[in-house]
Structures are given as structure tokens and as C-alpha cells.
Amino acid sequence: MSHDPLSTSAGRSRVVIIGAGFGGIAAAAALLKAGYDDVVILERAESIGGVWRDNTYPGCACDVPAPLYSYSFAPNPAWSSRFPAHDEILAYLRDVASSLGVTAHVRLNTSVTAATWTDSHWRVETANGDTYEADVLIPAVGQLGTPVLPAIPGAFDGPAVHTARWNNDLPVDGARIAVIGTGASAVQLVPAIAGRAAHVTVFQRTPPWTLPRPNRRYGAGRHLVYGRWPFLMALPRAGVWALTVVNGHAITGGRLAGAFVRTVSRVQRRLQVRDAALRDRVTPDEPMGCKRVLFTADWLPALSRPDVSLVTDKILELTTDGVRTTDGTVHPCDLLVYATGFAATDFLAGIRISGRDGVTLAEEWRDGAYAHLGMTVPGFPNLFLVYGPNTNTGNTSVLYFLEHQAAYIVQAVRHLEDRKTPLTVCRKVADAYDDEMQQRLSRSVWTSCQSWYRNTAGRVVTNWPGLASEYRRRVARMEPSDYEPT
Ligand code: N01
């Protein structure tokens with residue numbers, strides 16, 4: 001089957017991918033490498049990059065070391081440091097997309113509104129009125145694309161922004177800045193603006209678990225050696241991998257690893273927070289790992305600064321000039337920053353996806369999103385999710401999962417070519433898998449607190465319950481018997 005998706009703005013192709021972030025680009029790269037070049041990627045924004053395009057707040061970086069937070073098929077000898085900033089990661093992603101020929105397949109400013117299965121193929125509608133048709137649909141929109149603003153009563157008169165919508169015109173230097181939230185985004189933002197701002201007030205509802213982030217610059221010697229002998233980059237990658245396995249064991253119930261990691265966190269607090277009262281307030285009271293453990297060198301020192309205050313009283317309301325807490329204090333500010341996270345559990349919420357018999361994904365997922373191996377859903381033929389339900393990891397690089405999903409999808413596309421009839425996962429298989437996931441997750445640390453990993457009913461819908469290596473084993477071979485017979 002040969003289509004030419006590049007000849008028109010819309011049309012029929014073998015594969016339509018929604019989203020040009022790390023997931024969509026991994027899937028496209030794998031398909032192109034396998035010889036499938038009739039692939040179209042529909043991207044709602046004006047450039048590719050996903051979360052690394054959206055998140056530009058000061059201090060934004062990846063807290064997973066770059067040797068592992070990079071595609072295995074595109075190791076980068078030129079990383080400037082172990083934890084590079086967001087713009088360097090974005091440049092890396094764009095370079096990879098361009099050098100592998102993926103960029104030419106991307107349609108920018110093309111927001112998908114609906115996708116409908118039509119008995120033989122997917123019909124994909126976009127906000128600008130174009131329709132695309134494809135044998136296979138790969139939604140790769142990520143889990144962290146939709147910012148959440150909490151409903152706080154009252155109104156603030158000054159500028160207010162979510163971390164994922166930061167822009168460089170915001171008043172920072174010399175301003176009084178209020179930051180709501182103490183998750184991964186806040187722990188990067190606050191140290192970066194402390195010292196620039198006149199004062200930073202941090203509103204903490206729950207103290208997060210932290211671990212050291214030992215950054216180091218990568219020098220010219222390293223660039224030269226890895227540029228000349230790229231295979232050597234496997235060594236730091238393996239080293240980081242080993243550490244993430246310890247972290248993975250700690251979070252998934254390993255006693256020794258758990259005790260070790262908790263001790264490291266305690267020592268970090270002891271060394272970085274001299275004031276015992278402040279240390280008390282930043283000491284986590286939830287089990288380690290139930291929310292994402294945060295890797296940071298400068299969060300606790302930032303909270304100790306005289307020009308940074310940590311407020312632990314509950315927020316009551318916004319006032320015209322600041323934030324009022326339940327003790328009656330108004331904390332005045334010139335800029336209000338919501339570091340309040342994302343609607344991670346509402347998978348694909350903005351796109352109406354209708355499968356066989358007109359059933360929508362939203363209906364299929366009314367009790368919470370689920371998918372066989374995080375990728376396929378009964379009643380939705382030839383639909384393969386990337387970074388779908390229960391494929392998030394709190395302890396290693398999510399890119400590892402994305403790459404293995406891409407490899408699985410290539411097998412499925414190949415299989416479709418031979419079999420000629422659509423692939424729909426058997427309900428029995430998907431149900432058994434979901435039961436297993438939920439049973440394991442019900443015993444996991446993630447049920448011990450509320451976080452973006454759980455939907456409002458308490459079901460853990462984002463996270464994978466085991467180690468990444470287990471996921472790799474589970475998806476290594478696409479099992480045709482998991483799919484409905486022809
Ligand atoms: O969001 P979060 P994030 N009043 O949901 C608080 C990835 N990421 O943007 O803990 C007061 O983690 C909320 O409090 P609580 C990473 O996967 C990666 O920081 O619910 N506070 C919490 O402190 C991460 O996990 C990198 O009690 C309110 C915070 O807001 C994910 O993105 C960097 C509130 C939200 O934390 C999300 O991180 C950055 C309210 N009404 C992000 N509502 C890397 O380095 C919410 N909060 C790879």
C-alpha cells in the first residue's frame with residue numbers, strides 16, 4: 001500500500017500520529033526506519049517539542065540525567081551537562097526529528113478534534129476543517145499537556161500564570177512573586193527566581209520528598225571522546241540506569257532500597273536546612289514515592305533564604321493584591337504563579353475518539369482510562385496509544401517506555417500488512433491485564449496519597465506498577481493471539 005501524504009495538506013495515509021513530542025517522534029522514527037514512510041504527524045502547536053516546547057519557566061530542566069533521558073537510537077555526545085535545561089532538550093529533540101526525516105511528516109498548527117473508526121480506517125478531523133484518513137491511529141499527546149488551575153475563590157488583579165504557560169515578558173526582577181505548589185515544576189522554578197525577585201512566597205500544601213541532583217558540566221574532552229567513539233556513551237547510560245533501578249525498587253516496595261533512599265533524603269534535609277523549625281515543615285509526612293520524588297540540589301537552600309518564605313497555612317482566597325491564608329494573613333504579590341500540575345488522568349480529553357459501534361473512548365473509560373499494555377483498547381481497532389494509561393514511571397526515563405511502545409507498534413503495523421483485517425485487542429485479554437495492573441497498583445505506594453497518578457475515584461491510571469525492564473519484556477513481542485481473530 002503506498003500513499004503520498006506529503007502531496008496534499010490532508011488525505012489518506014497508512015498512519016496518523018497525534019502529537020509531535022518525544023512519544024510521537026519515537027513512533028514516527030521507528031515506522032520510518034521500518035520502511036513505512038506514509039506517516040503523518042498532526043501537531044496542534046506551531047512547532048514540535050511537546051512538554052519541552054510548552055515549559056519554559058526559569059530553571060526548567062530534566063531531573064532524569066541526560067545520558068538516559070535521550071533516545072537509545074540517538075545518543076548525544078554534546079550534552080552540556082548531566083541535567084541540561086529545557087531549551088537544550090528541545091533542540092536535541094528537533095535535531096533528532098530532523099536528522100531522521102521525521103520533521104517533514106509533521107503538519108503544524110493542526111489540532112485534532114475528533115477521530116472516528118469507519119469499519120476499515122480512521123477518519124481524523126481537525127479544527128481547521130481538514131480531514132485525514134489512516135489505517136492506523138497513534139495518539140501520542142502525552143500525559144502532562146493540560147495545565148490545571150485550582151479553583152481558589154476570589155480574584156487577583158495582577159498577572160497570573162501557570163508554569164507551563166510561562167513567557168519572558170512576566171515581571172520577575174524586583175517583583176514579589178507568589179508560587180502555589182511544591183511539585184517538580186516549583187522546585188526548579190523557585191531557586192531560579194530567588195535572588196532575582198524582591199521576594200518569593202511559596203505556598204506548600206504537602207512537603208515533597210527530595211533527593212540530591214548532582215549536576216556536573218560535561219567538558220570538551222568528554223564531547224571529543226563520545227563524538228569519536230559514540231558506543232562509549234553506553235557506559236554513563238548504564239550507570240544512570242542502575243541508579244534508577246535502585247530508585248525503582250525503593251518506590252515499588254524494596255525494603256533495603258527504600259530505607260537507603262529515605263536515609264539519603266533525610267541527610268539532604270539535615271545538611272541543607274540548618275533551621276530546625278523550617279526542616280520540620282519541609283519534612284514529608286506522606287510515604288516516599290506516593291508522589292514523584294524530586295531530584296534537586298537547590299530547592300531546600302532556596303527555602304532557607306531570607307528573601308523566600310514558605311507558607312504552610314492553607315490558602316483561603318485570592319485578593320486583589322495577593323493570597324490570603326486561613327490565618328487571615330494576606331501575602332501580597334506582583335506575580336502569581338500556579339505550579340499546580342496537569343490534568344494527567346484525563347487522557348485525550350480534548351479529542352472525541354469513536355470506535356466500533358460509535359462508542360467513544362470517554363465512554364469506554366468512564367471508570368478510568370485503561371489499555372492493554374498501555375496501548376490498545378477493546379472496540380478501538382488499529383488504535384495504538386503512546387504513553388497511554390499505566391505507562392508512566394516515577395523512577396526512570398519515560399523515553400524508555402516510549403521507545404518500546406514504538407517498537408511494538410511497528411510489529412503491529414507489519415502484522416496488519418500481512419493480515420489485511422484490523423487489529424482489535426480481545427476484551428478478555430485487556431480485562432485480565434487491567435485486573436492485574438489494578439491489583440498490583442492497589443498494593444502500591446501510589447494508593448497512599450492523592451496525586452496526579454490517580455483519578456478522582458482513586459484509581460491509579462497513569463503509573464506502571466513494576467520496573468521498566470518488566471515493561472520491556474511484556475511488550476517485546478506483539479502477540480497476535482491477544483487480538484480478535486480475523
Ligand atoms: O505538578 P504536580 P508539577 N493549593 O502535580 C500543589 C513532570 N515534571 O508541574 O502535593 C495549594 O507534581 C500540589 O500540592 P499537593 C513530573 O512528572 C518533570 O510540579 O497536591 N497547592 C503540588 O505541590 C511531575 O511529577 C520535570 O498537596 C496546590 C503542586 O501544586 C509532573 O510534571 C519537571 C493546589 C502540583 O505538583 C507535574 O509536576 C517538571 C491548591 N489548590 C515537571 N493545587 C522533570 O524534571 C495543587 N497544589 C522531568
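What counts, and at which threshold
Residues numbered from 1 in each chain as written. Predicted model: local features only at pLDDT ≥ 70, side-chain atom pairs only at ≥ 80, totals over all residues. Heavy atoms only, no water. Helix = DSSP H or I, 4+ residues; strand = E, 2+ residues; numbered from the N terminus. Expected span 1.5 Å × (residues − 1). Buried < 20%, exposed > 50% of the residue type's maximum accessible area, 1.4 Å probe, protein only. Arc of directions from axis to C-beta. Contact = heavy atoms within 4.5 Å. Pairing = 2+ DSSP bridges. Domains from an automatic or database assignment. Buried area = accessible area lost by both parts, 1.4 Å probe. Near = heavy atom within 4 Å. Polar contact = N/O pair within 3.5 Å; in protein donor to acceptor, adjacent residues only side chain to side chain. Areas by Shrake-Rupley, 256 points an atom, 1.4 Å probe, with all protein chains shown as cover. Disulfide = S-S within 2.5 Å. Phe/Tyr/Trp six-rings, centres within 6.5 Å; stacked < 30°, edge-to-face > 60°. Lys NZ or Arg CZ within 6 Å of the ring centre and 35° of its normal. Salt bridge = Lys/Arg side-chain N within 4 Å of Asp/Glu carboxyl O.

(A) Quick peek at helix 6 (residues 234-251). In a regular helix each residue adds 1.5 Å, so 18 residues correspond to 26 Å; helix 6 covers 25 Å between its end C-alpha atoms and thus fits that length. Those residues of helix 6 not exposed but buried are Pro236, Arg237, Val240, Thr244, Asn247, Gly248, Ala250 and Ile251. Projection of helix 6 onto a plane perpendicular to its axis shows the buried side chains occupying an angular sector of 150 degrees, all on one side. Considering only its buried residues, helix 6 is in contact with helix 5 (220-228), helix 7 (255-272), strand 11 (294-295) and helix 11 (398-419). Phi turns positive one or two residues past the end of helix 6, at glycine 253, with a value near 115 degrees.

(B) Representation of the pairing of strand 14 (residues 322-325) in the model. The pairing of strand 13 (residues 315-319) with strand 14 spans four bridges and is antiparallel. Each bridged residue has a counterpart across the sheet, and for leucine 318 the counterpart in strand 14 is valine 323. The turn joining strand 13 and strand 14, which pair antiparallel and follow one another in sequence, is formed by two residues. Relative to strand 15 (residues 330-332), strand 14 runs antiparallel, the two being bridged by three bridges. From the neighbouring strand, glycine 322 faces strand 15, where its bridge partner is proline 332. Taken together, strand 14 and the strand that follows it, strand 15, pair antiparallel across an intervening segment of four residues, in which glycine 328 is found at a positive phi of about 95 degrees.

(C) Highlighting the environment of valine 172. Note that valine 172 resides in the loop between strand 7 (160-162) and strand 8 (176-180). Measuring from C-alpha to C-alpha, the distance between valine 172 and threonine 345 comes to 32 Å, with 173 residues separating the pair along the chain. Every residue in contact with valine 172, bar those within four places of it in the chain, is listed here: Trp166, Ile177, Ile193, Arg196 and Ala197.

(D) Broad picture of the domain arrangement of the protein. Along its sequence, the protein is organised into domain 1 (2-146 + 343-482) and domain 2 (147-208 + 291-341). Centre-to-centre separation of domain 1 and domain 2, based on C-alpha positions: 32 Å. Each partner contributes residues to the interface: domain 1 has 18 residues there, and domain 2 has 17 residues. Between domain 1 and domain 2, a total of about 1,500 Å² is buried, with carbon and sulfur atoms accounting for 50% of that surface.

(E) Here's a closer look at the site of the ligand. In the vicinity of the ligand lie 22 residues, with Asp63, Thr182, Ala184, Ser185 and Thr206 positioned nearest. At 3.3 Å, a backbone N or O of alanine 339 approaches an oxygen atom of the ligand. Here the ligand has 920 Å² of accessible area as a free molecule, and 83% of this is covered by the chains. Examining the composition of the shell around the ligand, we find that three residues originate from one element, helix 4 (residues 184-193), more than from any other.

(F) Just the side chain of glutamine 438, in detail. Within the fold, glutamine 438 resides in helix 12 (residues 427-442). The class for glutamine 438 is buried, based on a relative accessible area of 17%. Side-chain polar atoms of glutamine 438 contact the backbone oxygen of valine 460, separated by 3.1 Å.

(G) Inspection of the state of the cysteines at higher detail. By the definition in use, this model includes one disulfide. Between the sulfur atoms of cysteine 290 and its disulfide mate cysteine 449 the distance is 2.2 Å. Its S-S torsion of approximately 110 degrees makes the covalent link between cysteine 290 and cysteine 449 right-handed. In this pair, cysteine 290 is assigned in the loop between helix 8 (276-282) and strand 11 and cysteine 449 in the loop between helix 12 and helix 13 (468-475), connecting sequence segments 159 residues apart. Of the two residues, cysteine 290 and cysteine 449, neither departs from the other in class, the shared state being buried. Here cysteine 62 is not cross-linked by a disulfide; its sulfur's nearest cysteine counterpart is in cysteine 60, at 8.8 Å.

(H) Up close: the packing of aromatic side chains. Under the criterion given, the structure shown has 15 aromatic pairs. Between tyrosine 71 and tyrosine 92 the ring centres are 6.4 Å apart and the planes differ by 40 degrees, which places this aromatic pair in the tilted class. Taken together, the residues tyrosine 71 in the loop between helix 2 (51-54) and helix 3 (86-99) and tyrosine 92 in helix 3 connect sequence positions 21 residues apart. Relative accessible area serves as the criterion here: at 0%, tyrosine 71 is assigned to the buried category. For tyrosine 92, a relative accessible area of 6% gives the class buried. With 6.4 Å between their ring centres and 75 degrees between their planes, tyrosine 400 and phenylalanine 401 make a pair best called edge-to-face. Classification of tyrosine 400 by relative accessible area gives buried; the value is 12%. One aromatic cluster is present, formed by Phe22, Trp52, Tyr69, Tyr71, Phe73, Trp79 and Tyr92 through successive ring pairs. Directly above the ring of tryptophan 229 sits arginine 228, whose terminal nitrogen or CZ lies 5.9 Å from the centroid.

(I) Expanded view of the pattern of salt bridges. Per the counting criterion, the structure on display carries 19 salt bridges. For arginine 14, the salt bridge identified is with aspartate 38, shortest N-O distance 3.3 Å. Note that arginine 14 is positioned in strand 1 (residues 12-18) and aspartate 38 in the loop between helix 1 (22-33) and strand 2 (39-42), a separation of 24 residues in sequence. The residues arginine 14 and aspartate 38 share a single accessibility class, namely buried. We note a salt bridge from arginine 440 to glutamate 470, for which the minimum N-O separation is 2.7 Å. One end of the pair, arginine 440, is in helix 12; the other, glutamate 470, is in helix 13, and 30 residues separate them in sequence. With relative accessibility at 23%, the residue arginine 440 sits in the partly exposed group. Put simply, Glu436, Arg440, Glu470 and Arg474 are held in one network by salt bridges that share partners.

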